[in-house]
Each structure stands twice: as C-alpha cells, then as structure tokens.
Amino acid sequence: MIVKPQTYTFGESESDALKLRCGSTLRNVSIEFETYGTLNEAKSNAILVCHALTGSAHAAGKHSEDDRKPGWWDSMIGPGKAFDTDKYFLVCSNILGSCYGTTGPTSINPDTNKPYNLDFPMITVADMVDTQHRLMQHLEITKWLSVAGGSLGGMQALQWAVTYPDAVHSVMPIATTPMLSPQSIAFDWVGREAVMSDSNFKNGEYTKDALPETGLSISRMLAHITYLSEAGMREKFGRRLQEMDEYNFEFTHNFQIESYLRYQGSQFVNRFDANAYLYITRAMDYFNLSMEDPEGKLENVLDKATASFLIISFSSDWLFPPYQSMEIVKALMKCRREVTYCEIESDYGHDAFLLEDDTLGDMVRNFLKTQEACY
Amino acid sequence: MTELDYMLNTKPDIQAIYDSIPEGSRVLDLGCGDGSLLELLRDKKNCKVQGIDRDQAEVMKCIAKGIPVIQTNLDQGLSYFQDKSFDYVILGLTFQQIRQPHKLLFEMVRVSNFSIVSVFNLGYIKTRFQIFFGGIMPVNKRLPYEWYNTPNLHLGTEKDFCTMCEKESFQISSTKRISRSSDFLTNTFPNLFAEICIFTISG
C-alpha cells in the first residue's frame, strides 16, 4: 500500500484560530494526515486512528517502495487486516504539538516569522482532539464509526467520547488511562529535566548542528524502560553480553540491554524534536478526564459519552496498568453503560499495543463488525 | 437443532433461566461464557445485557456476538455496580467456584431486583450412591472433575443452599428443578431427586 501524506491548514483569521485550553490561540494551524481506504457514500465507514507520544500520521503503508519500514500500525491497518481498508476509511493525523507536519514548537510563529520553540503555547489532549475535529469537518465526516488509539492515542479516543459525543459511534481506548498517575508524571519530569539540562538546549533555542542530543537520548532511554516489562526484558535480553564473551571491566556497554537502550536513544534524537517532546509529555501530565467535572467524578464526565466502548489493557503494562483501564470501566458501569473490557495476557508491557496484533486484531475486527451493524 | 436446543444439551439450566426473565429486562450474567444466553435474551426478549467472564477466549466470542462483556474475576466482587442497577443478575452453575459465594450473593442482591442462581445438588440420589456405596467423591457427566483437580470449591446439596439462604436472610422467591424423575418425586423430595436447582432470590 503506497500512501501520500496530506495537509490541511486553517485558522488564518483570528475568528478561525484554534482556541486552546490554556487561554492562548493558534493561527495558521497545519494538520498533517493520511487516509487509507475509501469513504463510502453514506460516510458511515470512517475511523480515526490516534497515535501515541512520538508517532506520526503515517500509520500504515509506505510512502514509496523503497521505504525501509511501513507506518507504525501497519500490522493492524490494510486490506484484509483488522482495520480493513477494503471496508473502512481510515484517517490518522499528526497530533498538535508534534514535529511530523502538524503545527508544533518547530513551526513558524506567524507573529514573529521565527520558530515558536518555547514560545509555543501549552497544549492539552483536548486541544489535540479539537484540531482533529477541525480536520473531520474539513473531510465532511459527521460521525466516526470508531476512534481508536493506544497510550496517548487512547487518551484522545476517551477525550473524543466526552467532548464530541455526537461525532463518535464507538471508541477503542487501548493501553491507556483516564488520568496520568504520579509515577508517570515522575518519569515525564525526569525525562524533561534530562532534555532541559543539556548544555545544547539553550532554553529551547538550540540549532540544527548542536541539538540537545544527550538529554533527549537519556530521556528516551528512560521512557523506553517504562514501555517494556521486567519479564519481557528478561526474555528478550537476559544478562547476555553484546559483541563480547566476557565483561570488559569498563563503563562502555557490555550487556545487550544497554546496547539496545543506547541504540533506541541515539535513533530517537535523529527523528524527534526536543521541544515537541517537552510539550507532548506535558500535555499527557495534564490529562485528567475527571477534572472536567466540578466534583472531579469520572463517572459524571463519562456520562456525557454516548459511544460504545471497547477498552483494552495488557497484563504486564506497568506504565498504564490494567487497573487504570478498569477505572474507566467502573465509571461507565456507574453510568449504567454497556462496556466491553479485555485485559490481554502479554509480556510485552506497555508496548504490547503495537505488538499483540493477533489478539488485538481479532478483537478490533469483531468489534467493528458489530458496530457497523448498529451505526 | 436450534441454538437453544444445543445450549439446553450443554447447559441444562439455561431454559429455566431464560424462561424466568421477562422481556426488556436489564440483565447481568456473571460468568457469561461465550455470551450465548445473553445473545438469546437480547435478540429474542429485547433485554439490555452485560456479561462478565474471566476467560479471554470466551470474552473474544462475546465481542464477536456484540455482547458487552467485562473480563474480570468474580472474586473481585461487584462493588462498581450501583444498587439495583439491573433487573436480573444471573450466576449459572458458577456459584460453587466462587471463593466466598455468599458474599457474592449479597452483592448480587444489592445490584439487582432478582438474582438467579443455579447450583448442582450433591444430594441427588446418584451422587449419594457414589459416595455411599463407592466411597468416592462423585464424578459424573456434569461434575466431570476428580476431587483433586476440580475448580468446584463449594459443592453442596439443595438443602444446604436453602439453609444458607435462611441463615443469611436471602429470600427465595421461586425454585425450579431439573430432574430425570417424575415431578411428584422431585417436588416432594427435591434434595434426593433434583440434579440442578435454579433459585430466584428477590431483595
């Protein structure tokens, strides 16, 4: 499947600008997006796929035959796959604040004609969803058959269900949480501290030839640990050594896990912007769905949702553990809603939502089939 | 063979439970398995249904049928359901596998208007014979497990169940019995001739 990224820009006038939760407004907002499959005449087969922290609009297929890797959820999206592009029309857009085509801190500030960097306003998950809603209007879709996503993508799916209840028929929040736990906020804090204390960071005004590489790669390595599980790491790496038969009695990487993390960190600095990383992790920290109720009750917030829910967690996910998904289930039960919840047995940790495509695929496929029937 | 016929063969208490639930009820099935009872209730009696099961393969089958299902262990209780949020809660032949079944029953009574509980009757004449003459724990088609590998923690007799209800103040509003003997024998000596009892508890 060869796909082409597209762009939609809005907010040139003050009245059309994007109003953010922090009080600021954004002009000239660009959204990078991709679509797969064909929108039917009734426009009843559209599905929005939301990506996680460092993902992009490139969810499936390849941009050219020579691409080394397909999109980030290619195992799930395509002809005959769980999100069957022969039947459904899929949309995936890059989130607000990111660095893959949608407006973010690397974009040009129309007021100064220079990149925003740290002048970029603070964004929230709700702002990301508002942006996607503008794209939805542009595509002339009135109701998504489903909004699906893992991790931060799952938070967006939840936000969609309560902010635009009439625009979503069903949602699939996967490996996610209704609010970030103090542990997750802690990891985000340390990650940002690493970036901001890099001497190249220069208050966000770093240059292309002197990026805050050390800080960003430490941040990524730390985050990567939280995406795996203890059992998964033991299985994948054990205490095996990398390219040596004995310890070298130096501080260079000896173990496979060390070499793996180092690789992940070094790859990341080439593909992600440090400022974007700060903004998006902050948006995640601020995510707390129950805050939308004056009494702080999640059930009062979810009571606004009319969509059918398929909630999925993974047994070894310790970043957003199953109990957090269960909080959503419990709140929906209090609203006397019908819910489907599954805790998939997996050793892959938080990353399981990208790896357990057999089990996840069957669930998604069957759920979509029944949702189609009652759209 | 219709789907209902098939289910009756595999799950003998299903017909009695199905018949006990009026049209349009809001029903929660604890240990709903593949969701086929709920599917029938939804499709034929227009019920609003919700299932709970701990087994992933069963949950998958429910999803395929469009039956809303929560994958969780019943030993965790029903604390997140509000009082009287269901018309009926069903616990079909699972009672004996719960760690503290009477506590679950309290919860069922709290969240529903009626609880339907079906149980094996170990007082049934054939199982009594196995214990009395064979000197072994009963093993049969419905209780196929050996004593050392059974998931059934709390097998009892119909009399045991009624005694528990009296002691714990559960109001049994009706009882149905599955038996191969005549109605006269079964209703006169239920603890001897009923194989399975289906209790409806109100409260």
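Here is what the cut-offs are and how they apply
- Residues numbered from 1 in each chain as written.
- Chains lettered and ligands numbered in written order.
- Predicted model: local features only at pLDDT ≥ 70, side-chain atom pairs only at ≥ 80, totals over all residues.
- Helix = DSSP H or I, 4+ residues; strand = E, 2+ residues; numbered from the N terminus.
- Rg over C-alpha atoms; globule rule 2.2 N^0.38 Å.
- Contact = placed C-beta atoms within 7 Å.
- Buried ≥ 20, exposed ≤ 12 C-beta atoms within 10 Å, placed from the backbone.
- Pairing = 2+ DSSP bridges.
- Right-handed = clockwise from strand over helix to strand, strands pointing away.
- Axes fitted to C-alpha atoms, helices over the stretch in contact; angles between N-to-C directions.
- Parallel < 35°, antiparallel > 145°, perpendicular 65-115°, else oblique.
- Left-handed = near helix turned anticlockwise from the far one by under 90°.
- Domains from an automatic or database assignment.
- Nonpolar A, V, L, I, M, F, W, Y, C, P; charged D, E, K, R; others polar.
- pLDDT = per-residue confidence, 0-100.
- Core = buried A, V, L, I, M, F, W, Y, C linked by C-beta atoms within 7 Å.

S.K.: Can you tell me about the overall build of chain A, naming the residues and giving the values?
M.R.: Counting its secondary structure elements, chain A contains 11 helices and 14 strands. Taking 2.2 N^0.38 as the reference for a compact globule, 375 residues should give roughly 21 Å; the C-alpha atoms of chain A span a radius of gyration of 21 Å, in line with that estimate. On the principal axes, the C-alpha backbone points of chain A span a range of 65 × 50 × 50 Å. For chain A, restricting intrachain contacts to residue pairs at least 6 apart in sequence, the fraction spanning at least 24 positions comes to 70%.

S.K.: I'd like a description of the overall build of chain B, backed by residues and values.
M.R.: Broken down by element type, chain B carries 9 helices and 7 strands. Seen through its principal axes, chain B has C-alpha atoms that stretch 50 × 40 × 35 Å. The 203 residues of chain B split such that 39% are buried. Looking at chain B alone, contacts between residues at least 24 apart form 60% of all its contacts between residues at least 6 apart.

S.K.: Got a sec to walk through the pairing of strand S13 (residues 308–314) of chain A? Specific residues and values, please.
M.R.: In the case of a regular strand, side chains alternate between the two sheet surfaces. All names here are of chain A. Counting buried positions over the 7 residues of S13 gives 7, a clear majority of the element. Because side chains alternate across S13, one face comprises the buried residues Ser308, Leu310, Ile312 and Phe314, and the other comprises Phe309, Ile311 and Ser313, equally buried. Both S13 and strand S14 (residues 339–344) contribute to a ladder of 6 bridges, which runs parallel. When the bridges of S14 are listed, Phe309 appears paired with Val339. With helix H9 (residues 322–334) bridging S13 and the parallel S14, this β-α-β connection has right-handed handedness.

S.K.: Tell me about the interface of chain A and chain B, and name the residues and values.
M.R.: Taken together, the contact between chain A and chain B spans 18 residues of the former and 15 residues of the latter. Every element with two or more residues in the side of chain A that touches chain B is listed here: H9, S14 and helix H11 (357–373) of chain A. Sorting elements by how many residues they give to the side of chain A that touches chain B places S14 of chain A first, with 6 residues.

S.K.: How would you summarise the packing of helix H3 (residues 182–196) of chain A against helix H7 (residues 274–286) of chain A if you had to cite specific residues and measurements?
M.R.: How two helices pack is summed up by the angle between their axes together with the distance between the axes. Residues and elements named next belong to chain A. At their nearest, the axes of H3 and H7 sit 10 Å apart, and the two run at 160 degrees to each other. Looking at the two axes, H3 sits roughly antiparallel to H7. Considering only the axes of H3 and H7, their crossing is left-handed. In this structure, H3 contributes Ile185, Asp188, Gly191, Arg192 and Val195 to the contact, and H7 contributes Ala274, Tyr277, Leu278, Thr281, Met284 and Asp285.

S.K.: Could you give an account of helix H3 (residues 36–45) of chain B, naming the residues involved and the relevant values?
M.R.: Looking only at H3 of chain B, the buried set comprises Ser36, Leu37, Leu38, Glu39 and Leu41 of chain B. Trailing H3 of chain B by a residue or two, Asn46 of chain B shows a phi angle of about 60 degrees, which is positive.

S.K.: I'd like to hear about the domain arrangement of chain A, residue by residue, with values.
M.R.: Residue and element names in this part refer to chain A. With domains assigned, chain A is organised as domain 1 (6–179 + 289–373) and domain 2 (185–281). Taking only C-alpha atoms into account, the centre of domain 1 sits 26 Å from that of domain 2. Along the lines of polarity and charge, the residues of the side of domain 1 that touches domain 2 split into 9 nonpolar, 9 polar and 2 charged.

S.K.: Residues and numbers for unusual backbone geometry, please.
M.R.: Residues and elements named next belong to chain A. Despite not being glycine, Asn117 has its phi angle at roughly 50 degrees, a positive value. Among the secondary structure elements, Asn117 is positioned in the loop between strand S10 (114–115) and helix H1 (125–138). Although it is not a glycine, Ser151 adopts a positive phi angle of roughly 60 degrees. Its location among the elements puts Ser151 in the loop between strand S11 (146–150) and helix H2 (152–163).

S.K.: Hey, could you go over the confidence of the model for chain B for me, with residue numbers and the actual values?
M.R.: Of the residues in chain B, 95% reach a pLDDT of 70 or more, and the chain-wide mean stands at 93. Here the predicted complex carries an ipTM of 0.92, next to a pTM of 0.94.

S.K.: How would you sum up the nonpolar core? Please name residues and give values.
M.R.: Within the largest apolar cluster, 161 residues are counted, with the highest numbers of intra-cluster contacts made by Ile47, Leu90 and Val171 of chain A together with Val27 of chain B. A total of 8 residues in this core trace back to one element, the largest contributor, which is H7 of chain A. Formed jointly, this core draws a minimum of three residues from each of two domains, domain 1 (6–179 + 289–373) and domain 2 (185–281) of chain A. Residues within four places of Leu90 of chain A in sequence aside, it is in contact with Thr35, Tyr36, Gly37, Ile47, Val49, Ile77, Phe83 and Thr85 of chain A.

S.K.: Tell me about the environment of Tyr263 of chain A, residues and numbers included.
M.R.: Residue and element names in this part refer to chain A. Mapped onto the secondary structure, Tyr263 falls in helix H6 (residues 256–271). Since 15 C-beta atoms lie within 10 Å of it, Tyr263 is described here as partly exposed. When the C-alpha atoms of Tyr263 and Ser217 are compared, they prove to be 9.2 Å apart, with 46 residues separating the residues in sequence.

S.K.: Describe the packing of helix H4 (residues 213–227) of chain A against H6 of chain A, with residues and values.
M.R.: Residue and element names in this part refer to chain A. For the pair H4 and H6, interaxial distance at closest approach is 8 Å and the crossing angle is 130 degrees. By the angle class used here, H4 and H6 are oblique. As H4 runs across H6, the sense of the crossing is right-handed. Residue-level inspection shows Glu213, Leu216, Ser217, Ile218, Arg220, Met221 and His224 of H4 in contact with H6, the latter providing Leu261, Gln264, Gly265, Ser266, Phe268 and Val269. Residue composition of the contact of H4 with H6, by class: 6 nonpolar, 5 polar and 2 charged.

S.K.: Outline the environment of Asp317 of chain A, listing residues and values.
M.R.: Residue and element names in this part refer to chain A. With respect to the element layout, Asp317 can be found in the loop between S13 and H9. With 27 C-beta atoms packed within 10 Å, Asp317 lands in the buried category. The spacing of Asp317 and Tyr341 is 24 residues in sequence and 15 Å in space, taken between C-alpha atoms. Filtering out sequence-adjacent residues up to four positions away, Asp317 remains in contact with Ala175, Pro322, Gly349, His350 and Ala352.

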